[in-house]
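Residue-level listing of the chains:
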Amino acid sequence: MVESIARVRQIRITPQKARRVVDLVRGKNAQEALAILKFAPQAAAEPIFKLVASAIANARVKADKENLRLNEDELVIARAYVDEGTTLKRFRPRAQGRAFRINKRTSHITVVLQTADEFAASKGAK
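The chain appears in an unreviewed UniProt entry as Large ribosomal subunit protein uL22 from Leucobacter viscericola. UniProt annotates the chain under Subunit (unreviewed entry) with the comment "Part of the 50S ribosomal subunit."

A. Fine view of the pattern of salt bridges. Counted by the stated rule, this structure contains four salt bridges. Where Arg26 meets Asp23, a salt bridge forms, and the shortest distance between an N and an O atom there is 2.7 Å. Here Arg26 falls in the partly exposed class, since its relative accessible area comes to 39%. Between Glu84 and Arg105 there is a salt bridge, and its shortest N-O distance comes to 3.7 Å. One end of the pair, Glu84, is in strand E2 (residues 75-93); the other, Arg105, is in strand E3 (residues 99-115), with 21 residues separating them in the sequence.

B. Focus on the sheet that holds strand E1 (residues 3-11). Strand order in the open sheet made by the three strands is E1-E3-E2, with antiparallel pairing throughout. The outermost strands of the open sheet, each flanked by one partner alone, are E1 and E2. Taken pair by pair, the neighbouring strands of this sheet meet at an average axis angle of 10°, ignoring direction. In terms of strand pairing, E1 meets E3 through seven bridges, oriented antiparallel. Among the inter-strand pairings, Arg7 is bridged to a residue of E3, identified as Thr110.

C. Region of the structure containing the side chain of His108. Mapped onto the secondary structure, His108 falls in strand E3. Residue class for His108 comes out buried when judged on its relative accessible area of 13%. In terms of polar contacts, His108 uses its side chain to reach the backbone amide nitrogen of Gln10, at 3.2 Å. In contact with His108, not counting residues within four places along its chain, are Val8, Arg9, Gln10, Tyr81, Val82, Asp83, Glu84 and Gly85.

D. Quick look at helix H1 (residues 15-25). For H1, the set of buried residues is Pro15, Ala18, Val21, Val22 and Val25. Take H1 and look down its axis: the buried residues cluster within an arc of 130°, on one side only. Across from the buried face of H1, at angles greater than 90 degrees, the exposed residues are Gln16, Lys17 and Arg20. Remark: Gly27 follows H1 within two positions and exhibits a positive phi of approximately 85°.

E. How the structure looks around the nonpolar core. Ranked by internal contacts, the top residues of the largest apolar core, which has 29 residues, are Ile48, Val52, Ile77, Ile109, Val111 and Leu113. Looking at this core, the elements that each hand over two or more residues are E1, H1, helix H2 (30-39), helix H3 (45-65), E2 and E3. Here this core gets eight residues from one element, more than from any other, and that element is H3. Every residue in contact with Ile77, bar those within four places of it in the chain, is listed here: Val25, Arg26, Gly27, Lys28, Ala33, Val52, Val111, Val112, Leu113 and Phe119.

Calculation notes
- Residues numbered from 1 in each chain as written.
- Predicted model: local features only at pLDDT ≥ 70, side-chain atom pairs only at ≥ 80, totals over all residues.
- Heavy atoms only, no water.
- UniProt positions renumbered as here; feature names shortened; annotations may be inferred.
- Salt bridge = Lys/Arg side-chain N within 4 Å of Asp/Glu carboxyl O.
- Buried < 20%, exposed > 50% of the residue type's maximum accessible area, 1.4 Å probe, protein only.
- Helix = DSSP H or I, 4+ residues; strand = E, 2+ residues; numbered from the N terminus.
- Pairing = 2+ DSSP bridges.
- Axes fitted to C-alpha atoms, helices over the stretch in contact; angles between N-to-C directions.
- Polar contact = N/O pair within 3.5 Å; in protein donor to acceptor, adjacent residues only side chain to side chain.
- Contact = heavy atoms within 4.5 Å.
- Arc of directions from axis to C-beta.
- Core = buried A, V, L, I, M, F, W, Y, C linked by side-chain atoms within 4.5 Å.

Set out below in structure tokens:
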């Protein structure tokens, strides 16, 4: 009965690079996902690790608020996606007085955790 959401917005990682890491953990057990992210060499793994840990904490708080018993080992990453944020536009000088634009892209990352039985029920409904 517990579904928790955690979001990070305007993070300075390109969406393409963040999606590579999010694809590693989508559909996995939350504790297993933390272990994968801890040892992933990509730079995006650290903020996504923090995001999954935050979603686990949100689930714990929500379960306490609703007087439910929560086993953190049963939490599954039901949905995880990366949306494109705003792009910071910067200029670098180039040869012969020209300017070259550099796009510094940002991402919005969302992680949704569900208990294993809810996840299985939602998969069966589709």
